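Remarks on the overall topology
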Amino acid sequence: MDKIKNPPAVMRSAPFWSWNDKLDENELRRQIREMANKGWGGYFMHSRVGLVTGYLSDEWMSLIRACADEAEKTNTYAWLYDEDKWPSGFAGGEVPRKDKAFRSRALVLVKSGSKALNDTVLAEITIEDSDYQICCRISELNSIHFNGTSYVDLMSPDAVKEFINCTHERYKKSCGEYFGKSIPGIFTDEPCYLVYNQYNVPAAPWSDFLPEFFVKMKGYNILDHLPEIFFDINDYRKIRFDYYDAATELFKQSFTKQYYDWCNDNDMLMTGHFMAEDGLRYQTQWSGDVMTHYEYMHWPGIDKLGRNIDQVVTVKQVTSAVDQLGKERAFCEVYGCMGGQGSFFHRKWIGDWQAALGISFINHHLSLYSMRGERKRDYPANLFYQQPWWDDEREFADYQGRLCALAANGERIVDILLIQPLTSVWAEYSPKHIDTNFLPERKYDEPFNYISHRLLQEKLDYHYGNENLMSKYGSVNGKRLKIGSHIYKCIIMPQSCNIKSTTLSLLVDYGKLGGEIIVIGNLPSMIDGVKSKVEIPGAKIVSTVDEAVDIVSAHYPNRIRVIDTITNANAPSALVHSRHTVDSSWHLIVNSSDKREIHARIEIPECFDEPTAILDLYTGDLYKVPDNKSIELTIYPAGSLALVCGNNTEEAADTLPSCMKSGIVFNGLSKQSPVTVIEDLKCSILDVNTLLLNDFILEMDGAKVYEGPICGSWHKYFYPAKEGTPFRATYTFDSEVSINDCFAVIEAAENLDNIYFNGTQVEPMKEKGELGAFDPEKSWLDINFTKVPLPKIKPGINTLTIEGKKSNNITGPGSHLGIENWQEHYPTEAEEIYICGNFCVKQLSDSQFMLSEFTNTAGYNITSEGFPFYCGKIKFSASFRLAGKPDKKVHIRLNGASMASAQIMINGKPCGSIYTDPMMLEVTNAVKSGENNIEVIMSTTLVNAFGPNRMAGIKDQTGIGPGSFINMNGFKEGYELFDFGLESIGLYVE
């Protein structure tokens with residue numbers, strides 16, 4: 001219990017810490033202290049777009065050692081990351097440059113006579129009067145993403161060994177004494193046997209090692225059957241099944257096992273994730289079978305990107321294998337691509353959902369060392385010290401630490417097995433297939449996804465049965481089928497055309513002993529890709545997924561149910577995750593909807609005869625449930641509740657709270673009306689206001705090359721320009737009045753030649769090339785956002801001009817090149833500029849703004865009240881009267897709140913923070929009879945100032961990446977800005 005109440009560092013979140021600039025030891029140590037103070041347990045030191053410090057250089061290793069040292073001092077963990085960007089394996093370009101034999105290969109289909117320079121013809125075929133060649137294509141050393149080199153052949157044990165020598169062995173030499181201590185392990189990112197999207201012709205995985213390996217595994221020569229991989233001829237399903245089975249196994253043995261063995265030998269944990277885990281077809285194209293790789297990972301992982309919860313299959317694959325194989329943790333890289341609006345609410349929504357599916361390690365993406373230039377567009381949101389809400393991070397980090405500790409506690413209660421129909425996809429898939437809804441392999445991929453969702457909606461938890469893992473770890477004992485450490489009594493086979501002979505043998509033995517087997521559709525028609533009559537004793541064949549779910553549901557009457565009292569039926573958005581320890585059972589219930597609350601009745605089955613308590617994951621406190629078998633409550637969007645049944649309830653308090661920060665309100669309070677609504681709120685802006693300048697005139701080498709929105713110039717004019725090219729950028733803005741004491745924020749301003757404001761030269765607050773730790777006197781928000789004090793702003797048009805020489809290593813969206821003499825690199829940027837000061841910003845049209853005299857805002861929506869680009873905190877203050885000190889609980893509720901977070905203070909006493917629905921907080925201990933004063937310190941995010949904010953429909957896009965900022969086809973004159981503000985405060989007295 002103490003591990004959940006006070007989660008240790010190893011249970012806490014650890015971000016991808018983007019090492020993306022010229023790194024300074026003092027600043028690295030400062031950022032580590034920031035993370036430690038905010039409750040994070042560690043950080044993955046991750047080379048990302050924009051890195052200037054030489055990757056794997058002596059200086060790099062010195063900084064790794066410094067961070068390992070700081071980790072010891074702060075009780076955090078400094079995790080290694082194994083690549084310069086991703087996918088892992090090329091060691092920043094060293095491996096493919098060393099030997100052509102290490103470069104990635106692909107089996108490609110081309111029209112005869114159109115093969116590429118590095119193609120070797122392996123087979124020729126004529127189909128319907130067209131002549132084709134099937135070639136081995138070796139990648140050329142010309143990829144921008146791979147630092148001017150290429151990806152590597154991870155089915156080659158020699159290439160993988162070289163990768164480990166270039167990367168892991170260097171880390172061992174320089175900082176091996178920290179291994180297994182403050183450096184606990186290493187992250188591998190998106191390794192794959194084929195970078196599928198880099199080919200413009202049909203392509204399949206290939207390696208020079210594959211033919212010999214194939215013969216040993218399958219007993220015949222794949223070189224005699226290459227056409228069947230592409231064309232539906234001969235016994236093509238058998239060939240494809242064997243082909244992807246062998247390629248997967250070779251990839252696993254060459255890369256994953258070799259990597260895992262090195263980590264074992266060096267007291268390191270191997271974690272990370274594989275490319276394209278999102279569906280069965282994607283796996284076939286990129287990685288073969290990701291679940292089978294988890295055998296050779298200490299903490300298997302996935303990534304879950306975007307502002308959505310659509311990837312059930314991805315999460316269930318890794319958590320199933322973790323449970324079956326007895327792994328300690330299920331890891332997830334999460335929150336990337338949420339967009340700049342992503343804050344606590346979205347993180348809780350997605351984090352709770354994935355915990356309900358079994359994730360117990362949160363690796364949040366991304367925390368930027370530097371936001372300069374392209375770096376700020378690196379798959380946002382940026383979750384770090386630059387954010388206005390950063391002061392509120394600690395409480396949320398504690399919550400997520402407890403959430404992960406709960407999800408890793410004991411063993412999962414699940415005995416339903418859903419067979420993964422991956423080998424059916426292998427048998428049907430051809431690289432020639434165009435991605436439409438009518439592909440043969442979609443007959444298996446999409447129904448599998450559907451039943452995965454339906455079972456969760458019905459509170460029928462399950463594991464996936466991966467056929468490769470089942471062949472090694474599966475066994476039958478009476479009416480139970482076992483995989484590793486888990487035992488199942490109900491097996492579901494979704495629609496499939498193929499089954500492995502090893503799987504069939506298990507099911508036949510299980511069926512003969514009376515085990516429950518439900519088959520959807522028809523029994524498979526192939527065994528190991530060979531057309532066969534499949535018979536499984538006792539199997540129940542049903543027509544639809546819903547029919548199968550109904551049968552399974554009838555087998556499990558004694559499960560926790562969540563009833564929607566509005567419909568008096570199952571609440572499908574409520575998910576339940578149950579675990580047991582020696583003396584207790586633990587249950588996590590989450591509302592997976594981000595839109596609708598659930599007025600719920602939680603029904604606890606009679607078989608749970610132990611006392612039941614509610615665990616508040618925000619505080620670690622326990623509360624007795626008055627009725628052990630039923631709880632009435634409202635679960636708000638992204639809300640969550642933890643239940644404990646058993647001996648751990650002994651210290652539970654007798655009285656339930658009326659609401660919990662996790663999004664729970666118990667019905668007594670939820671049915672009440674406020675005793676008063678405080679509407680007379682005084683609003684105070686606590687930080688400087690901001691005017692965003694994101695249009696300019698750009699001159700390169702003395703000639704005007706561009707005028708318009710700045711985003712249209714980066715990858716067309718500025719970044720492609722030759723190093724040292726002189727440039728001038730001119731920005732203008734309008735003001736109604738004279739304004740003193742303002743400053744411009746110009747990225748890397750100290751490295752420019754000249755800065756002029758209305759013709760007067762102005763100077764940045766930093767010296768050229770100045771590094772060191774973040775200094776708010778010199779920089780705004782970020783270490784590279786340099787302040788430039790301005791003379792008085794005049795009424796009318798004001799002009800700001802920057803001049804310098806282009807010096808920048810960005811080569812494209814999300815890509816860069818290393819810099820040979822990086823110590824003498826003094827970068828410049830042609831970016832947006834921010835005018836900051838004590839003023840208001842008046843909107844003249846959808847796309848035009850001007851400065852005006854500062855006036856107080858009502859605060860209902862500061863975005864439309866003079867602060868459209870504001871990045872900071874807002875204080876709301878008011879007074880209210882209580883006739884007498886109540887003997888019941890007092891709560892406040894923020895009405896019409898649009899924000900990242902809010903800190904509440906009453907009568908000078910801090911009461912806590914709010915950032916998720918229902919925006920309610922108990923304040924009983926802070927109020928007094930008579931007059932009371934309340935302050936709400938509300939925080940925004942950076943989204944309005946940093947965008948993308950001029951792309952049509954950007955608010956509705958759930959996946960935001962570098963390309964979202966430069967899609968000029970979607971550009972609009974007007975701005976799409978998010979609202980921030982507060983309408984009123986409700987006061988509730990029970």
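Summarised in this report is the structure supplied together with it. (Residues numbered from 1 in each chain as written. Predicted model: local features only at pLDDT ≥ 70, side-chain atom pairs only at ≥ 80, totals over all residues. Heavy atoms only, no water.)

1. Observations concerning the overall build of the protein chain
Looking only at helices and strands, the protein chain has 22 helices and 59 strands in total. For the protein chain, the C-alpha radius of gyration of 30 Å lies close to 30 Å, the compact-globule estimate for 990 residues. C-alpha extents for the protein chain along the principal axes are approximately 85 × 75 × 55 Å. The burial tally for the protein chain puts 65% of its 990 residues in the buried class. For the protein chain, the proportion of contacts with a sequence separation of at least 24, taken over those separated by at least 6, is 79%. Each charge sign in the protein chain was given a centre, from 98 positive and 130 negative side chains, and these centres are 2 Å apart. (Helix = DSSP H or I, 4+ residues; strand = E, 2+ residues; numbered from the N terminus. Rg over C-alpha atoms; globule rule 2.2 N^0.38 Å. Buried < 20%, exposed > 50% of the residue type's maximum accessible area, 1.4 Å probe, protein only. Contact = heavy atoms within 4.5 Å. Lys, Arg positive; Asp, Glu negative; His and termini not counted. Charge placed at Lys NZ, Arg CZ, Asp CG, Glu CD.)

2. A few points about the nonpolar core
Judged by nonpolar contacts, the single largest core of 179 residues is most densely connected at Trp17, Trp19, Trp60, Tyr171, Ile183, Ile229 and Tyr243. In terms of residue count, helix α9 (residues 236–265) provides more of this core than any other element does, 13 residues in total. Each residue touching isoleucine 183, except ones within four places of it in the same chain, is listed here: Ile64, Ala68, Ala78, Leu80, Cys175, Tyr178 and Met268. (Core = buried A, V, L, I, M, F, W, Y, C linked by side-chain atoms within 4.5 Å.)

3. Let's talk about empty space enclosed by the protein
One pass over the structure, following the stated rule, counts 10 cavities of 30 Å³ or more. When its volume is computed, the largest cavity comes out at roughly 190 Å³. Considering the residues around the largest cavity, the lining is formed by 19 residues, among which Asn694, Cys711, Glu832, Pro948 and Asn949 are closest to the centre. Residues belonging to the lining of the largest cavity are distributed by class as follows: 12 nonpolar, three polar and four charged. Lining of the second largest cavity is provided by Gly340, Met371, Lys376, Pro380, Ala381, Asn382, Gln387, Leu942, Val943, Phe946, Gly947 and Phe965. (1 Å grid on protein atoms, 1.4 Å probe; cavity = no way out; pocket = protein on both sides within 12 Å on 5 of 7 lines; lining within 4 Å. Points joined across faces, edges and corners; volume = space filled by probe spheres on them. Nonpolar A, V, L, I, M, F, W, Y, C, P; charged D, E, K, R; others polar.)

4. Considerations on the sheet that holds strand β59 (residues 984–989)
Read from one edge of the open sheet, four strands run β37-β59-β54-β57, paired in antiparallel fashion. For this open sheet the edge positions go to β37 (676–678) and β57 (920–922), each flanked by a neighbour on one side alone. When strand polarity is set aside, the average angle formed by the axes of neighbouring strands in this sheet is 25°. (Pairing = 2+ DSSP bridges. Axes fitted to C-alpha atoms, helices over the stretch in contact; angles between N-to-C directions.)

5. Here we look at the pairing of strand β34 (residues 640–646)
Buried residues dominate β34, accounting for seven of its seven residues. Pairing of strand β29 (residues 584–591) with β34, which is carried by seven bridges, proceeds in the antiparallel orientation. Paired with leucine 588 across the strands is alanine 642, a residue of β34. In this sheet, β34 lies alongside strand β31 (residues 612–615) in antiparallel orientation, the contact comprising four bridges. Bridge pairing in β34 links isoleucine 614 to leucine 643.

6. What about the side chain of glutamate 750?
In this structure, glutamate 750 sits in the loop between β43 (743–747) and β44 (754–757). Here the side chain of glutamate 750 touches threonine 786 through a polar contact of 2.6 Å, side chain to side chain. Beyond its immediate sequence surroundings of up to four residues, glutamate 750 is in contact with Pro764, Lys766, Glu767, Lys768, Gly769, Glu770 and Thr786. (Polar contact = N/O pair within 3.5 Å; in protein donor to acceptor, adjacent residues only side chain to side chain.)

7. So, the sheet that holds strand β1 (residues 16–19)
Ordered in space as β12-β11-β10-β9-β7-β3-β2-β1-β13, the nine strands form an open sheet in which the pairing is parallel. Lying at the two open borders of the sheet, with one neighbouring strand each, are β12 (361–364) and β13 (367–368). As paired elements, strand β11 (residues 331–334) and β12 share four bridges and run parallel to each other. The residue bridging cysteine 332 from the neighbouring strand is isoleucine 362, located in β12. Set on the sheet, helix α3 (residues 58–74) makes contact with β1, β2 (42–47) and β3 (77–84); between it and β2 the angle comes to about 170°.

8. As for helix α12 (residues 312–325)
Compared with the 20 Å implied by 1.5 Å per residue over 14 residues, the 20 Å span of α12 between its first and last C-alpha is a close match. Where α12 ends, the next residue or the one after it, glycine 326, has phi of about 70°, a positive value. (Expected span 1.5 Å × (residues − 1).)

9. As for helix α18 (residues 501–512)
Between the first and last C-alpha of α18 there are 16 Å, a value that for 12 residues agrees with the 16 Å anticipated at 1.5 Å per step. Among all positions of α18, only Thr503, Leu504, Leu506, Leu507, Val508, Tyr510 and Gly511 are buried. Immediately downstream of α18, the backbone of glycine 514 shows phi near 90°, a positive value.

10. Examining the side chain of arginine 347
Mapped onto the elements, arginine 347 comes out in helix α13 (residues 344–356). Among residues more than four places away in sequence, those in contact with arginine 347 are Tyr335, Met338, Asp352, Leu383, Trp389, Glu393, Phe396 and Gln400.

11. A few points about a negative patch on the surface
On the surface, Glu124, Glu128, Asp129 and Asp131 cluster together to form a negatively charged patch. Following the sequence through the fold, glutamate 124 ends up in strand β5 (residues 119–127). Overall, glutamate 124 belongs to the exposed group, its relative accessible area being 57%. (Patch = residues over 30% accessible without salt bridge, like charges linked within 9 Å, V, L, I, M, F, W, Y side chains within 5 Å. Areas by Shrake-Rupley, 256 points an atom, 1.4 Å probe, with all protein chains shown as cover. Salt bridge = Lys/Arg side-chain N within 4 Å of Asp/Glu carboxyl O.)

12. Description of the state of the cysteines
Enumeration over the complete set of coordinates arrives at zero disulfides. This cysteine, cysteine 135, is not joined by any disulfide, and cysteine 136 carries the nearest cysteine sulfur, 8.6 Å off. (Disulfide = S-S within 2.5 Å.)

13. Some points on the packing of helix α5 (residues 157–166) against α9
Close contact between α5 and α9 brings their axes to 9 Å; oriented N to C, the two are set at 35°. In the packing of α5 onto α9, the handedness of the crossing is right-handed. Touching Pro157, Val160, Lys161, Phe163 and Ile164 of α5 are Ser254, Phe255, Gln258, Tyr259 and Trp262, all from α9. Along the lines of polarity and charge, the residues of the contact of α5 with α9 split into seven nonpolar, two polar and one charged. (Left-handed = near helix turned anticlockwise from the far one by under 90°.)

14. Points about the pattern of salt bridges
Oppositely charged side chains can form a pair if their charged atoms are brought close together. A full pass over the atoms with the stated rule returns 67 salt bridges. Close ionic contact of arginine 30 with glutamate 34 constitutes a salt bridge, the shortest N to O distance being 3.7 Å. Placement of both arginine 30 and glutamate 34 in helix α2 (residues 25–37) is noted, with a separation of four residues, approximately one turn of the helix. Using a relative accessible area of 12% as the deciding quantity, one classes arginine 30 as buried. Note that glutamate 70 and arginine 33 form a salt bridge whose closest N and O atoms lie 3.5 Å from each other. Here glutamate 70 is found in helix α3, whereas its partner arginine 33 is found in helix α2, with 37 residues between them in sequence.

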